[in-house]
Amino acid sequence: MRLGAAREAAARWVSEHARRDPGYRGAYVTGSTVGLPDDAELPPSSDLDLFVVTDTPGTKPGKLRYQGVLLEVSHLPWSALRSPDEVLASYHLAGAFRTDTVIDDPTGRLRAVQEHVGARFAARPWVRRRCEDAMRRIETRLATLAAPGDRAFHEQVMTWLFAAGVTTHVLLVAALRNPTVRLRYPAARDVLDSYGLSGRYPELLDLLGCSGLSAERVRHHVGELAGTFDLAAGVATTPFPFSGDITPAARPIAIGGSLELVERGDHREAVFWIIATFARCHAILAADAPSLHRSRLPAFQAALGDLGITTTADLRRRGEEVTRFLPRLRQAADHILAANPAVTG
């Protein structure tokens with residue numbers, strides 16, 4: 001499907017469903033499709049991210065199929081967008097407003113935010129602030145990892161994984177690229193190659209522990225993940241922020257998208273989302289089907305074992321490796337920021 005047709009379908013969904021909410025204030029597209037032309041193809045392993053802005057955010061609708069398009073619908077409180085400068089300084093919010101992604105704006109306030117952000121998005125001080133925002137996200141997660149308390153092991157895994165994974169976002173932000181989620185590692189590799197920093201990329205993979213993994217081994221883990229995924233999607237009742245990612249509708253992305261990366265030679269780049277999905281599945285199983293959680297645990301443990309992780313102590317050690325990498329990460333981001341011809345001021 002062409003992206004333009006997908007965006008039109010999203011607009012129709014908003015008109016038919018989101019506008020019924022009395023707290024509704026507007027909607028806009030975000031995620032990996034921002035900046036792509038209408039004639040670009042939306043592959044089956046991708047969805048269209050849609051933020052519905054409301055005064056009274058409720059449960060995240062998550063992934064749903066509408067008129068042939070897989071929509072990822074999230075609620076965003078208007079308070080998060082009230083200050084245009086705060087949006088501009090936020091690395092996970094600003095990117096959607098660098099161009100006009102607003103599909104419905106009954107109050108006119110969303111477009112005002114977009115115009116403010118779009119006019120200043122590439123200004124050096126704001127790019128630097130967004131890089132620092134991503135750095136703080138890493139440091140906050142690492143601080144939580146250092147004091148895990150009584151959190152389950154799969155929760156600790158997610159904390160470590162996303163701390164390591166946001167290192168790619170620092171680089172993408174400096175390059176004015178979209179800080180994508182599932183495809184963050186291929187995107188970061190492209191940025192580092194473009195700026196003569198290819199030597200940094202193996203360090204990113206080393207932080208995950210996947211630099212030596214074979215395609216065959218990663219393919220095996222995707223197969224095991226598929227079994228765990230189907231069980232979790234079948235029993236899920238407890239709401240989680242990521243519940244929409246563990247549903248039959250999301251399977252083409254979680255499983256199909258991972259296999260797609262493996263088949264094109266990016267098997268190491270697939271590891272981030274494989275482990276993230278494994279951990280999320282086990283969060284669901286632990287809450288809603290403890291016996292299945294226990295029975296599927298060996299597959300998750302095997303995937304982590306291939307990354308050199310078997311205990312909480314391993315996670316803490318790996319978190320310390322991320323901490324030691326941060327000065328080099330900041331240096332790489334500064335280099336990109338200085339060399340990026342699209343950055344102004």
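Scroll up for the structure.
These notes cover the structure that comes with them.

What counts as what
- Within each chain, residues carry numbers counting from 1 in the order of the written sequence.
- Reporting of local features is limited, given that this is a predicted model, to residues whose pLDDT is at least 70; pairs of side-chain atoms are given and counted only at 80 or more, and all residues count toward the totals for whole chains, interfaces and linings.
- Computation of side-chain values: all heavy atoms of the structure, hydrogens and water removed.
- Only the six-membered ring of Trp is used, alongside the rings of Phe and Tyr, when aromatic pairs are assigned; centres must lie within 6.5 Å, and planes under 30 degrees apart are stacked while those over 60 apart are edge-to-face, with the rest tilted.
- Only runs of H or I of at least four residues qualify as helices and only runs of E of at least two qualify as strands under DSSP, and these elements are numbered from the N terminus.
- Type-normalised accessible area, obtained with a 1.4 Å probe on protein chains alone, sets the label of each residue: buried when under 20%, exposed when over 50%, and partly exposed for intermediate values.
- Look at NZ for Lys and CZ for Arg. If either is within 6 Å of the ring centre and within 35 degrees of the ring normal, a charge sits over the ring.
- Strands are treated as partners if at least two bridges between them are detected by DSSP.
- Lines fitted to C-alpha atoms define the axes here, with helix axes fitted over just the stretch in contact, and angles between the N-to-C directions of these axes take values from 0 to 180 degrees.
- Only heavy atoms matter for contacts: two residues are in contact if any of them lie within 4.5 Å across the pair.
- Expected helix span is taken as 1.5 Å per residue step, with the number of steps being one fewer than the number of residues.
- Neither His nor the chain ends contribute to the count of charged residues, in which Lys and Arg are positive and Asp and Glu negative.
- Salt bridges are defined by distance alone: a side-chain nitrogen of Lys or Arg within 4 Å of a carboxyl oxygen of Asp or Glu.
- Two N or O atoms count as a polar contact when they lie within 3.5 Å, although within protein this holds only if one can serve as hydrogen donor and the other as acceptor, and sequence-adjacent residues are included solely when both atoms are side-chain atoms.

Quick word on the packing of aromatic side chains
Taken as a whole and judged by the stated rule, the model has seven aromatic pairs. For the ring pair Phe 162 and Phe 272, a centre distance of 5.3 Å and an interplane angle of 80 degrees mean the geometry is edge-to-face. Placement of Phe 162 in helix 5 (residues 153–174) and of Phe 272 in helix 10 (residues 267–288) is noted, with a sequence separation of 110 residues between them. As far as the burial class goes, Phe 162 and Phe 272 line up, both buried. Just above the ring of Phe 121 sits the side chain of Arg 130; from NZ or CZ to the centre is 4.0 Å.

Side note on the sheet that holds strand 3 (residues 62–66)
Strand order in the open sheet formed by five strands is 3-4-2-1-5, with mixed pairing between adjacent strands. Looking at which strands have only one partner, the edges of the open sheet turn out to be strand 3 and strand 5 (102–104). Strand-to-strand, the axes of this sheet are offset by a mean angle of 35 degrees, without reference to chain direction. Alignment of strand 2 (residues 48–54) against strand 4 (residues 69–77), held across seven bridges, turns out to be parallel. Bridging across to strand 4, Asp 49 finds its partner in Glu 72. Contacting strand 1 (24–30), strand 2, strand 3, strand 4 and strand 5, helix 1 (residues 3–16) crosses the sheet at an angle of about 30 degrees to strand 2. Helix 3 (residues 109–120) rests against strand 1, strand 2 and strand 5 of the sheet, and its axis sits at about 175 degrees to strand 5.

Quick word on helix 4 (residues 124–146)
Across its 23 residues, helix 4 extends 33 Å between first and last C-alpha, which sits within 8% of the 33 Å expected from 1.5 Å per residue. Looking at helix 4, one finds that the buried residues are Trp 126, Val 127, Arg 130, Cys 131, Asp 133, Ala 134, Met 135, Ile 138, Leu 142 and Leu 145. Buried positions along helix 4 lie against helix 2 (84–89), helix 3, helix 5 and helix 12 (312–339).

Describing the side chain of Arg 130
Within the element layout of this structure, Arg 130 appears in helix 4. Put simply, Arg 130 is tucked away with no salt bridge, and the nearest opposite charge, on Asp 133, sits 8.0 Å away. At 2.6 Å, the side chain of Arg 130 and the backbone oxygen of Phe 121 are in polar contact. Residues contacting Arg 130, with those up to four places away along its chain left out, are Leu 88, Ala 89, Ser 90, Tyr 91, Ala 94, Phe 121, Val 173 and Leu 176.

Quick word on the environment of Leu 213
Looking at the element boundaries, Leu 213 is found in the loop between helix 7 (201–208) and helix 8 (215–235). Taking the C-alpha atoms as reference points, Leu 213 and Arg 268, separated by 55 residues in sequence, lie 6.7 Å from one another. Not counting residues within four places of it along the chain, the set of residues in contact with Leu 213 comprises Val 218, His 267, Arg 268, Val 271, Asp 306 and Leu 307.

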